Amino acid sequence: MTLIKSISGIRGTIGGNIGDNLTPVDAVKFAAAYGTWLKKEVGKDKVTVVIGRDARLSGEMIQNLVASTLVGLGIDIVDLGLSTTPTVEVAVPMEKADGGIILTASHNPKQWNALKLLNNKGEFLSGADGAKILHLAENDDFAFAEVDDLGVISKNDAYIDIHIDEVLNLSLVDVEKIKSAKFKVVVDGVNSTGGIAIPKLLKELGVEVVELYCNPTGHFPHNPEPLKEHLTDISDLVIKEKADLGIVVDPDVDRLAFISNNGEMFGEEYTLVACADYVLGKTKGNTVSNLSSSRALRDVTEKHGGTYEASAVGEVNVVTLMKKNEAIIGGEGNGGIIYPEIHYGRDALVGVALFLTHLAELGISVKELRDSYPSYYMSKKKIQLTPEIDVDAILKMMEEKYATEDISTVDGVKIDFPDNWVHLRKSNTEPIIRIYTEAKSQVEADNLADSIIAEIKELV
């Protein structure tokens, strides 16, 4: 499947047939559905939407289609051009806009693109609102504006700089302390907008920057998901340049990974752990991540006297639980930092600034910082099933089998054992069960995943 419609937006591969891929027609229909929903939702004569995009090759084409469709509905557009996901999220409330659209397929390869939809707070839509938009799109339920009522497009390319200023003004970001540390950092911007935003931020922080793949051409030099197997170039360059660390972001700059000074991965799961450790050391409070994120965040939170809660997977679910539990920092184990003092969205710029302040204050190396945290290892596997198999029934049987353990059914089935855990989730788009495990060694995590897979196969 190369066109995936969900409550969080629409994503797919460029080209191909209507309804099977993200074609111009599909982009127009979904933009029209969002605009129609937004006009009904706000109930105003004049509606404004902020639009920004990452640097992928199809971005300008998709943006022109989306913006023109909204103009045709009578909606005004604030066009940020090349931007980042968190920058658009920051811009929406600043512009007093009614919504926002980010054109990015996050960590997916270059042939993908997507429309990610925001409300007037610059936050992702709720599931209920997303379902309404899907219904409108499926039924072509649109009424376009007459010629005198068309929207207008205004361009504003200042928002990456504005976003950086907002980050620098955060109370827990110590610019002078970072400057005095005289860090040298290698940045891999995967030839997208992180190559604009992250070096700009670092230079404001007095950091010596070595740029790698920071030209926003949209030609990704490696698989853009910031995983160890894709990051050999930056790991080698950190060692060659004798840098203090490496910084890696995905194409839309909401995921953040660090490379330690020895060229090893700091660990995407530990991006949030380190930032939370710093924030909780300054401000007492609670944290939230999703059920598939590392137990290390719980450990660090409890060390500082706070309470940790786990949400269903998905940024909107993390944000909802953060608000409910008044969490002062949260996010996801894929390197997504959510710091409500600036906005409720994953933000790599915020993560960089908090991490560097933490590092400068401690006066230790990145490797030493990583070694100071509890070590957990994750295994992420999946089991392919045939379409006729009842996945929900299998998950129910696993829940019953382990009923004496600490069980969560908020999102699939998570079984918390004393020394490890396993999280079973079904895919929304294909007949598979995702199996995430975590333990105190990689072998143990892999073995736990394999044993659960064997148990499921027996049930099938």
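Residues numbered from 1 in each chain as written. Predicted model: local features only at pLDDT ≥ 70, side-chain atom pairs only at ≥ 80, totals over all residues. Heavy atoms only, no water.

> Before we go on, may I ask you to explain the sheet that holds strand E1 (residues 3-6) in this structure?
Strand pairing in a sheet relies on backbone hydrogen bonds. The paired strands run either parallel or antiparallel. Overall, mixed pairing links the seven strands, which are arranged E1-E2-E6-E5-E3-E4-E7 in an open sheet. Of all strands in the sheet, those bounded by a partner on one side alone are E1 and strand E7 (153-155). Strand-to-strand twist in this sheet, taken as the mean axis angle between neighbours without regard to direction, amounts to 15 degrees. The pairing of strand E3 (residues 48-53) with strand E5 (residues 99-103) spans five bridges and is parallel. Following the sheet pairing, Val-50 is matched in E5 by Gly-100. Helix H3 (residues 85-94) contacts E3, strand E4 (76-82), E5 and strand E6 (112-118) of the sheet and is inclined by roughly 165 degrees relative to E5. (Pairing = 2+ DSSP bridges. Helix = DSSP H or I, 4+ residues; strand = E, 2+ residues; numbered from the N terminus. Axes fitted to C-alpha atoms, helices over the stretch in contact; angles between N-to-C directions. Contact = heavy atoms within 4.5 Å.)

> I'm lost on the packing of aromatic side chains in this one. Help?
Within this structure, the stated rule accounts for six aromatic pairs. Here the aromatic rings of Phe-142 and Phe-144 are separated by 6.3 Å at their centres, their planes lie at 70 degrees, and the arrangement is edge-to-face. Classification of Phe-144 by relative accessible area gives partly exposed; the value is 45%. On the numbers, 5.3 Å between centres and 85 degrees between planes, the contact of Phe-266 with Phe-355 is edge-to-face. Note that Phe-266 is positioned in the loop between strand E11 (256-259) and helix H9 (268-282) and Phe-355 in helix H12 (residues 348-362), a separation of 89 residues in sequence. The pair formed by Phe-266 and Phe-355 is uniform in burial state, with each residue classed as buried. Every member of this aromatic cluster is reached through a ring pair, and the members are Phe-258, Phe-266 and Phe-355. For Lys-380, the ring lying beneath its charged end belongs to Tyr-436, and the centroid distance is 5.3 Å. (Phe/Tyr/Trp six-rings, centres within 6.5 Å; stacked < 30°, edge-to-face > 60°. Buried < 20%, exposed > 50% of the residue type's maximum accessible area, 1.4 Å probe, protein only. Lys NZ or Arg CZ within 6 Å of the ring centre and 35° of its normal.)

> Looking at this structure, I do not really get the UniProt feature "domain: Alpha-D-phosphohexomutase alpha/beta/alpha" (unreviewed entry) in the chain. What am I missing?
On the UniProt side, "domain: Alpha-D-phosphohexomutase alpha/beta/alpha" (unreviewed entry) is annotated at positions that read residues 8-142, 172-263 and 270-375 here. Helix makes up 41% of residues 8-142 and strand 22%, and the two end C-alpha atoms of the span are 20 Å apart. Overall, residues 172-263 shows 29% helix and 21% strand. The separation of its end C-alpha atoms is 28 Å. (UniProt positions renumbered as here; feature names shortened; annotations may be inferred.)

> Can you walk me through the domain arrangement of the chain in this structure?
You'll often see interface size given as the accessible area lost when the parts meet. Under the domain assignment used here, the chain contains domain 1 (3-156), domain 2 (162-372) and domain 3 (377-459). Between the C-alpha centres of domain 1 and domain 3 the distance comes to 35 Å. (Domains from an automatic or database assignment.)

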